[in-house]
Amino acid sequence: MKIIVTKNYDEMSKVAADLMAEVIKNDPACVLGLATGDTPIGMYNELVAKYEAGEIDFAAVRSVNLDEYYPITPDNDQSYRYFMDKHLFDRVNIDKANTSVPDGTAKDVSKFCREYEAKIDELGGTDVQVLGIGRNGHIGFNEPDAELERFTHLVELTTDTIEANSRFFASEADVPKHALTMGIHSVFKARKILLLASGKGKAAAIRALVKSNITTACPATLLCLHPDVTVICDEDAYSLV
Ligand code: F6R
């Protein structure tokens, strides 16, 4: 695992965008595994700037997102589809038909999860998967548990995650209680993983990722087992290591 410690959030975002831009330049039809949340917003802004400067082209890029609340409609401004359109897809020349976000309206959830996993396989896995990290060490919505699921599945969110995400909703009661998420094996289908973290709130999780034993009690620790992981975190997130 490679660790890059940056001065602050802006530098973290720039370093991450540079690495993503390299992947796109190397293969204009690459498959990006994307994440939502506060952390990657700066990176998306940097990627849009690179696109506007003519440095990168999204015309042939394909993407798959890690997760989505369930149930939620795509036009809900808290849905991850809405987030991706707003922060990236509507600002670059990506073909929306080439973008996949788990369907928060799926009626038959098991069937949807099987199909989403098959889609990741059809794409040949992702060239790079962007991850944030939860305060409790979750990746995607793979929450700490005695066992972790391999593939895309429906998950019940922990109270910690509901509380952390309530800042985006009118009240905690409005936060969906479930989500669809790639599993650990789905994430591991990526050839390269970039995990981003910023701020003191992530310091304990980054310490666990870097120092603790591998444990499903902190799903991010499983990343030690992947051959190509780069952690880009700012000094605050690294402050307990
Ligand atoms: C989002 C996701 C989550 C977030 C994590 C950190 O697609 O999968 O695991 O990456 O909850 O969220 P932020 O970046 O808002 O601190």
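One can find the structure itself at the top, above this paragraph.
Residues numbered from 1 in each chain as written. Predicted model: local features only at pLDDT ≥ 70, side-chain atom pairs only at ≥ 80, totals over all residues. Heavy atoms only, no water.

Before going further, it helps to spend a moment on helix H7 (residues 203-211). Owing to its 3.6 residues per turn, the α-helix brings residues three or four apart onto one side. Those residues of H7 not exposed but buried are Ala-203, Ala-205, Ile-206, Ala-208 and Leu-209. In this structure, the buried side of H7 is in contact with strand E9 (193-197) and strand E10 (229-234). (Buried < 20%, exposed > 50% of the residue type's maximum accessible area, 1.4 Å probe, protein only. Helix = DSSP H or I, 4+ residues; strand = E, 2+ residues; numbered from the N terminus. Contact = heavy atoms within 4.5 Å.)

So, on to the site of the ligand. In the vicinity of the ligand lie 13 residues, with Thr-39, Asp-67, His-138, Gly-140 and Lys-202 positioned nearest. Taking Arg-167, its side chain carries an N or O atom lying 3.3 Å from an oxygen atom of the ligand. Between an oxygen atom of the ligand and a side-chain N or O atom of Lys-202, the distance comes to 2.6 Å. In isolation the ligand offers 410 Å² of accessible surface; the protein chains occlude 92% of this area. Its atoms largely coinciding with the cavity grid, the ligand occupies the largest pocket. Across the shell around the ligand, the residue classes tally to 3 nonpolar, 6 polar and 4 charged. (Near = heavy atom within 4 Å. Polar contact = N/O pair within 3.5 Å; in protein donor to acceptor, adjacent residues only side chain to side chain. Areas by Shrake-Rupley, 256 points an atom, 1.4 Å probe, with all protein chains shown as cover. 1 Å grid on protein atoms, 1.4 Å probe; cavity = no way out; pocket = protein on both sides within 12 Å on 5 of 7 lines; lining within 4 Å. Sits in = over half its atoms within 2 Å of the grid points. Nonpolar A, V, L, I, M, F, W, Y, C, P; charged D, E, K, R; others polar.)

Remark: helix H1 (residues 9-26) packs on helix H2 (residues 41-52), axes separated minimally by 8 Å, with the N-to-C direction vectors making an angle of 55°. By the angle between their axes, H1 is oblique relative to H2. Note on packing geometry: the crossing formed by H1 with H2 is right-handed. Together, Tyr-9, Ser-13, Lys-14, Ala-16, Ala-17, Asp-18, Met-20 and Ala-21 of H1 and Ile-41, Gly-42, Met-43, Glu-46, Leu-47 and Lys-50 of H2 make up the contact between the two elements. (Axes fitted to C-alpha atoms, helices over the stretch in contact; angles between N-to-C directions. Parallel < 35°, antiparallel > 145°, perpendicular 65-115°, else oblique. Left-handed = near helix turned anticlockwise from the far one by under 90°.)

Two side chains carrying opposite charge are able to pair once their charged atoms lie near each other. On inspection of all chains with the given rule, the structure shows 16 salt bridges. The shortest N-O distance in the salt bridge between Arg-81 and Asp-85 comes to 3.4 Å. In this pair, Arg-81 and Asp-85 are both assigned in helix H3 (residues 80-87), 4 residues apart and thus about one turn of the helix distant. When sorted by exposure, Arg-81 lands in the same class as Asp-85, which is buried. Glu-163 is the salt-bridge partner of Arg-135, the closest N and O atoms lying 3.8 Å from each other. Of this pair, Arg-135 sits in the loop between strand E6 (128-131) and strand E7 (153-156) while Glu-163 sits in helix H5 (residues 159-165), and the two are 28 residues apart along the sequence. (Salt bridge = Lys/Arg side-chain N within 4 Å of Asp/Glu carboxyl O.)

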